Amino acid sequence: MFAKGKSVVSKGKTVKEAVAIALDLMGETMEHVDIEILETESKGILGIGSRPAVIRVTLKEMGAVSEAEDPVSMATLEKEMASIEPAEDRLLPPLSPEKRDESDLLGKVWVADGMIFCKDAEDHYPLISPGKDIKFYKNDELIEKTVVVSEQDILHVELQDDILEPQWEIVVSDDKMEAVLKVVPGARIYRRLKEKAPHSYIQLEVEEHLIPVTIETGPVMEKLRELGIVYGIDYTQIASACTSDEPGVFVIAKGNPPKPGKNGCFLSLQDMEIKNGLKERSDGTVDYREIREFPSTQPGQVLGIVQPPVPGMPGTTVTNEPVFPPEVLPLVVHEGKGIVLVGDGTKVVATEAGHPLIKEKGTTVHISVVPKLMIAKDVDLQTGNLHFVGDVEIVGSIQDAMLVEAQGNVLVHHNVNRAKIFAGSSIIIRKNIISSEINAGKNHMLIAEIHLILGDLIQQMRSMINAIHQLSTVSAFKVSSFSQAGLGPLIKILCDGKFKSFPQLTTSLIHKIQSGTGVLEESWAEFSERLYKGFMLTHSEFRSVEEMVQLMKRAEQLFTDTQENSENADCFIKAGYTLNSQLYSSGDIVIMEQGVYNSKLYAGGFIEVDGYIRGGEIYAAKGVKISEAGAKGGMSTRITVPKGETIRLNRVMEDTMIQIGTKMHKFTTQSSNVYARLDEEGQLLIK
C-alpha cells in the first residue's frame, strides 16, 4: 500500500487508460486520489507522430474527503476530459521548442521521415513539383508537373530499391604460376525521399543509400577446386577480395617458379680485358699519366678454370604440377694458339708468352694467346713496315713513311712522324703524332661497314626467295626445270626487274670482305665465294631454292656475329700531342698533354683534350670535352657531335664553330665555361 500523500506518474494511450494503470498500481479507487493531467494524448497520422497521455495520481489525506463532496467517478473524469482542448492530431515536423508555433506551418508543405505533409491556409496554397524520375501520386493520380496540395489529399511516391549482384572470376596465367581473382562488388540501393523543411513550394528529391554486397567465399573455394588450384593459395587475399568494396584484381594463388641453373662457364684467374686505363684521382679529375698496359701472360701460367654446369631446382604450378628449369649445358672450349687444357679439361694453361684473348659466345669459348712483337728501337727502313697478327710494342719511334699494322694493340713509347698505324684494337702513343694517320679499331670499322651492307642484302635475298616461291605456283612456270641448268637465268630476270640494286649490293659486300683479308676469319672468304658463284655468275651454282635459303641463313648468322663484334668494340687512341694528322677511333680519343693542332679527329666514342685545339675538325659520337678551342688568329676550328650529346669547352676563341645534330653556332667573341646541348624542342642551348 502507498503512504498517504504519495503520488504516481502514469502514461497511457488515453487519459482513461493512464488513470486505470495508476489506480491498479496503487490499489485505490477514484474517491481516494487526486488526478492531475500533465499531457493529453495525440493520435498523429497513421500512427506517426502520436504521443501518449501523461497524468499524476496523488493519494488523499485521511478525512480529506467531505461527505458533501461527491466522490469522483470515471464518468465524471471523462466528462471533464471532454471540456479539454484535444492536442492536434496531425503530424508536425520535429521542431525545436521555440519553433513549435503551428502558425509557422500554415500554407506550407514538407517531407519528414520519408512522408509528405502539408498545412492548409486560407490565403495560400502549398505547391509540390515532382523531381526527375520520381513517380509522385496525388489521390492515386500520377502527377508530372507542379500541383497544389491540401491536408485532405493523399500524397505518396513510388520508390524502387535495387540490388546489383557482385561479379567475380578466377583467371589462371598461361604458365599456371599465378591465379588472380577479379572482383566487382555488388550493392543494395535503398531510395527514400530527401528531407525538406516546411516551405510554400518544394521539389521532391530522392536520395540513395548504398550498402555493399560482398562475395561469398564458398563459391570461390569451390571454383578453385574445380580449376584444380591447390598449391600456394593465399586465403588472406581471398578474404580481402570477397569483402572489398572497390573493384580490383587480387593474386590468390602463386606457384613456386623453378630456379634456373647455370651453364658451364670460364672463370678467369687474371685480368684479360683491355681497358683505356684512365685512373680517377680522389678529387674526381683524371690522371692521364697513370695508365694500365695491355695484359700479358707467361708460359705455364693458368689462365682460368672451366666451371661445370650447375643444375637448377624444379618449381610447382598452382595446380601442383612440376615445372622443370631450363637444361644447363657444359662449356665447350676451343683451344687456340698458345694454350692447352689440363686436369681433365678443367684448367686452361698458357704455353706461350703474349696477350690472352678470350671470345665467349653462349656455351662456347675460344681461348688463345696472341703473341706480342717487341721492337727495341725505332721502326725505320732497317726494320721495314710491320704486319703482325698480335700486339706490337715499339720502344722507340715510328719514322717517316713507315707503316705499322697489327690485329691487336700498338704501343709506341716515343713519336710517330709522317707514318701510318692501323690497329685492330687500341693505340697508345706516349709522345707526339706529326703528320700521320692513326686508325684504332680498323677491324671494327670494317665489320661495321660489312654489317650495314649485309643487313640490306639479307632483306633483298629474303624478298627474292619469296618471289621465286610465288612464281613456282604459276602453272606455266616450274622452278624444278632449273635443276640442271641452275637458277642463274631466273636470278638474272629478277635482278633486271624488281631487284635491280641487288647485283651492286652483292659486289660491294664481296669487295669489302676481300679488303679484310688477313683481318676477317676464313669463314668470310668462303661466304664471299658462295655469294659470287650463286648470284654473280651467269651459270649459277644454285640448283634449288633450298640452296639459296641455306646461304641466307648463313648470312643471318654472320649478321648477328658482326653486330655483337661492333657493339663489343673496346678501342681507344691515347697520345700526348697531334699536329697535321688524322685520327680515327671506333672508341674514345684522349689527348693528354699539349693538345691538337690543325688535325682531324673522329671518335665513335668520346673525345677529351686536356690542352688546346687549334684549327681542324673534330667529331665525337658520344660528346666532347676540351680545355681550350680555337685560335686568336682566326684559324677555323669545327667541333661536331650528334643530336643528344653535349660539348663542354673551358675556353673558346672567336671563329670557332660548334654543331650538335643540325644546329650550329659560331662564336664571335671569346667565351668561358661553355656547355652546349639541345633542349626538348631541338633548339641549341649554350650556357
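If you're wondering where the values come from, they're calculated on a predicted model, not measured in any experiment.

With that settled, the discussion passes to the overall build of the chain. In terms of helices and strands, the chain carries nine helices and 49 strands. By residue count, 39% of the 687 residues in the chain fall in the buried class. Here the contacts in the chain between residues at least 6 apart in sequence split such that 45% fall between residues at least 24 apart. Surface accessibility of the chain: about 38100 Å² in total, with carbon and sulfur atoms responsible for 50%.

So, on to the packing of aromatic side chains. Each aromatic ring pair is described using two quantities: the centre-to-centre distance and the angle formed by the ring planes. Using the criterion set out here, one finds six aromatic pairs in the structure. Note on Phe535 and Phe542: the rings are 5.1 Å apart at their centroids and 70° apart in plane angle, and the pair reads as edge-to-face. With relative accessibility at 8%, the residue Phe535 sits in the buried group. Exposure remark for Phe542: the relative accessible area of 4% places this residue in the buried category. Three or more aromatic residues joined by ring pairs form one cluster here, namely Phe502, Phe535 and Phe542. Looking at Arg614, its charged tip hangs above the ring of Tyr612, at a distance of 4.4 Å from the centre. In this arrangement the basic side chain of Arg648 is found over the ring face of Tyr675, its NZ or CZ atom lying 4.1 Å from the centre.

Its location among the elements puts Ala179 in strand E13 (residues 178-184). Measuring from C-alpha to C-alpha, the distance between Ala179 and Phe250 comes to 8.6 Å, with 71 residues separating the pair along the chain. Contacts of Ala179, omitting those with residues within four sequence positions, involve Val171, Val172, Ile229, Phe250, Val251, Ile252, Ala253 and Val318.

By definition, the strands of a sheet pair up through backbone hydrogen bonds, in either a parallel or an antiparallel sense. The strand order across the open sheet built from three strands is E12-E13-E18, with neighbouring strands paired in antiparallel fashion. Edge positions in the sheet fall to strand E12 (167-172) and strand E18 (248-254), since each has one partner strand and no second. Each strand of the sheet is rotated relative to its neighbour by a mean of 20°, with strand direction disregarded. Bridging between E12 and E13 involves six bridges; their strand directions are antiparallel. The residue bridging Gln167 from the neighbouring strand is Val184, located in E13. Helix H3 (residues 217-227) contacts E12, E13 and E18 of the sheet and is inclined by roughly 25° relative to E12. Where helix H4 (residues 235-242) meets the sheet, its contacts fall on E13 and E18, and the angle it forms with E18 comes to roughly 160°.

What follows concerns a nonpolar patch on the surface. On the surface, Tyr125, Leu127, Val148 and Tyr201 cluster together into a nonpolar patch covering about 350 Å² of accessible area. For Tyr125, the location among the structural elements is in the loop between strand E5 (115-119) and strand E6 (127-129).

With that settled, consider the packing of helix H7 (residues 502-515) against helix H8 (residues 522-536). The geometry of H7 relative to H8 is characterised by a closest axis approach of 10 Å and an angle of 155° between their N-to-C directions. With respect to H8, the element H7 is oriented roughly antiparallel. For the crossing formed where H7 meets H8, the hand is left-handed. Contact residues: H7 offers Phe502, Pro503, Thr506, Thr507, Leu509, Ile510 and Ile513, while H8 offers Trp524, Ala525, Phe527, Ser528, Leu531, Tyr532, Phe535 and Met536. When grouped by side-chain class, the residues that make up the contact of H7 with H8 number 12 nonpolar, three polar and no charged.

Procedures and definitions
- Residue positions are given per chain, counted from 1 along the sequence in the order it is written.
- With pLDDT at 70 or above as the cut-off, local features in this predicted model cover only qualifying residues; side-chain atom pairs require 80 or more to be listed or tallied, and sums for whole chains, interfaces and linings still use all residues.
- Computation of side-chain values: all heavy atoms of the structure, hydrogens and water removed.
- Helix numbers and strand numbers start at the N terminus; a helix is a DSSP run of H or I with at least 4 residues, a strand a run of E with at least 2.
- Classification of residues uses two cut-offs on accessible area relative to the type maximum, computed with a 1.4 Å probe and protein chains only: under 20% is buried, over 50% is exposed, and between them is partly exposed.
- Whether two residues are in contact is decided by their heavy atoms, any of which lying within 4.5 Å being enough.
- Only the protein chains shown count as covering a residue, and every accessible area follows the Shrake-Rupley method with a 1.4 Å probe.
- Stacked, edge-to-face and tilted are the three classes for Phe, Tyr and Trp ring pairs, Trp counted by its six-membered ring, which pair at centre distances within 6.5 Å; planes under 30 degrees apart are stacked, over 60 edge-to-face, the rest tilted.
- Note on geometry: a ring has a charge over it if NZ (lysine) or CZ (arginine) is within 6 Å of the ring centre and within 35 degrees of the ring normal.
- In this analysis, strands are considered paired if DSSP registers two or more bridges between them.
- Each axis is a line fitted through C-alpha atoms, taken for helices only over the stretch in contact, and angles between the N-to-C directions span 0 to 180 degrees.
- Exposure above 30% relative accessible area and the lack of any salt bridge qualify a residue for a patch; like charges then connect within 9 Å, and the nonpolar side chains Val, Leu, Ile, Met, Phe, Trp and Tyr within 5 Å.
- Any Lys or Arg side-chain nitrogen located within 4 Å of an Asp or Glu carboxyl oxygen qualifies as a salt bridge.
- Should an angle fall under 35 degrees it is called roughly parallel, over 145 degrees roughly antiparallel, and 65 to 115 degrees roughly perpendicular, with every other angle called oblique.
- Two helices crossing with the near one rotated counterclockwise from the far one by less than a right angle form a left-handed crossing, whereas a clockwise rotation gives a right-handed crossing.
- Note on residue categories: nonpolar means Ala, Val, Leu, Ile, Met, Phe, Trp, Tyr, Cys or Pro, charged means Asp, Glu, Lys or Arg, and polar means any other residue, Gly included.

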